[in-house]
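# Observations on chain architecture
Read off the chains here:
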Amino acid sequence: MLCKRIIPCLDVSAGRTVKGIRFQKLRDVGDPVEQALAYQEQGADELVFLDISATNEGREALLHVVEAVALRLMMPFTVGGGVSSLERATRLLESGADKIAVNTAAVERPELIDEIASRYGSQCCILAVDARRKGGSWEVLTHGGRRSSGRDALEWAREAASRGAGEILLTSWDRDGTLSGFDLELTRLFSLKLPVPVIASGGAANPGHFLEVFRDAAADAALAASIFHDGTFTVREIKEELRRNEIEVRL
């Protein structure tokens, strides 16, 4: 059985880590380099770095911040934000990223997924899906959760996987920052219907929420921000509780 992964997320704006609720009301929560090192020491399996203002400002992710983080990390490092071309993906990889997360630009031009996966391999291309409940299904949001694409989230993820995306970073817009638990229905749907691993994101507040998303929703990994940034729980504390409940993790 593959180990389940715990992944802290750094949402970065203007070089600082921020956190909000449903992608709004952002507050400063620290220095991304210091936080990355702290999570590495706590035993995080990977780190996700998202420059959340890059797309709306029409620029690429801040390469000097990416480089500063990458230089001191020994775990896999995913970077997203403003990845609108193969050239920008290449610059991020050259700056130290191990994987590239694409969202808005891929919705607007799905061929971007083919290009990244073809050049660097599917394991390097992560599709970030920001999903908002709409009736009995979920719709894809773009531009940092500000715009509806009109696309069905599951169908879009299926297309992305067929184009070469090697993993889906699935964020519930409805749960993001609410500390109300992962959206188990959404995560279970994606986990059971897609041929690639699913990272659950949005709503984690305690070890029980991680246990639920692994045990009841079949997630391959779980991502969180608020509880780690605020020091509510450490990565190790989450993993220890999962191990006590017979969920296989690396300690």
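The coordinates are above.
## Some words on the nonpolar core
Judged by nonpolar contacts, the single largest core of 72 residues is most densely connected at I100, L127, F190 and F210. Ranked by residues supplied to this core, first place goes to helix α6 (residues 153-163) with six residues. With near-sequence residues (within four places) excluded, L127 lies in contact with V102, A106, I113, W156, A157, A160, A165, E167, I168 and L169. Membership of the second largest hydrophobic core comes to 11 residues, among which are I7, L50, A221 and L223.

## Here's the deal with the packing of helix α3 (residues 86-94) against helix α5 (residues 111-120)
The description of two helices packed together rests on the angle between their axes and the distance between the axes. Between α3 and α5, whose axes approach to 10 Å, the crossing angle comes to 45°. By the angle class used here, α3 and α5 are oblique. Like other packed secondary-structure pairs, α3 and α5 cross with a definite hand, here right-handed. Contacts from L86, A89, T90 and L93 of α3 reach α5 at L112, E115, I116, R119 and Y120.

## Examining the environment of L169
Mapped onto the elements, L169 comes out in strand β10 (residues 167-172). The spatial distance from the C-alpha of L169 to the C-alpha of D130 is 8.4 Å, given a sequence separation of 39 residues. Setting aside residues no more than four positions away along its own chain, L169 makes contact with V48, I126, L127, A128, V129, I199, S201 and L223.

## Side note on the pairing of β10
In terms of burial, β10 is largely enclosed, as six of its six residues are buried. Of the two faces of β10, the one carrying E167, L169 and T171 and the one carrying I168, L170 and S172 are both buried. Taken together, the six bridges between strand β7 (residues 125-134) and β10 define a ladder with parallel strand orientation. Along β10, the bridge assignment pairs A131 with S172. As for the winding sense of the linkage, the β-α-β connection from β10 through helix α7 (residues 184-193) to strand β11 (residues 198-201) is right-handed.

What counts, and at which threshold
- Residues numbered from 1 in each chain as written.
- Predicted model: local features only at pLDDT ≥ 70, side-chain atom pairs only at ≥ 80, totals over all residues.
- Heavy atoms only, no water.
- Core = buried A, V, L, I, M, F, W, Y, C linked by side-chain atoms within 4.5 Å.
- Buried < 20%, exposed > 50% of the residue type's maximum accessible area, 1.4 Å probe, protein only.
- Helix = DSSP H or I, 4+ residues; strand = E, 2+ residues; numbered from the N terminus.
- Contact = heavy atoms within 4.5 Å.
- Axes fitted to C-alpha atoms, helices over the stretch in contact; angles between N-to-C directions.
- Parallel < 35°, antiparallel > 145°, perpendicular 65-115°, else oblique.
- Left-handed = near helix turned anticlockwise from the far one by under 90°.
- Pairing = 2+ DSSP bridges.
- Right-handed = clockwise from strand over helix to strand, strands pointing away.

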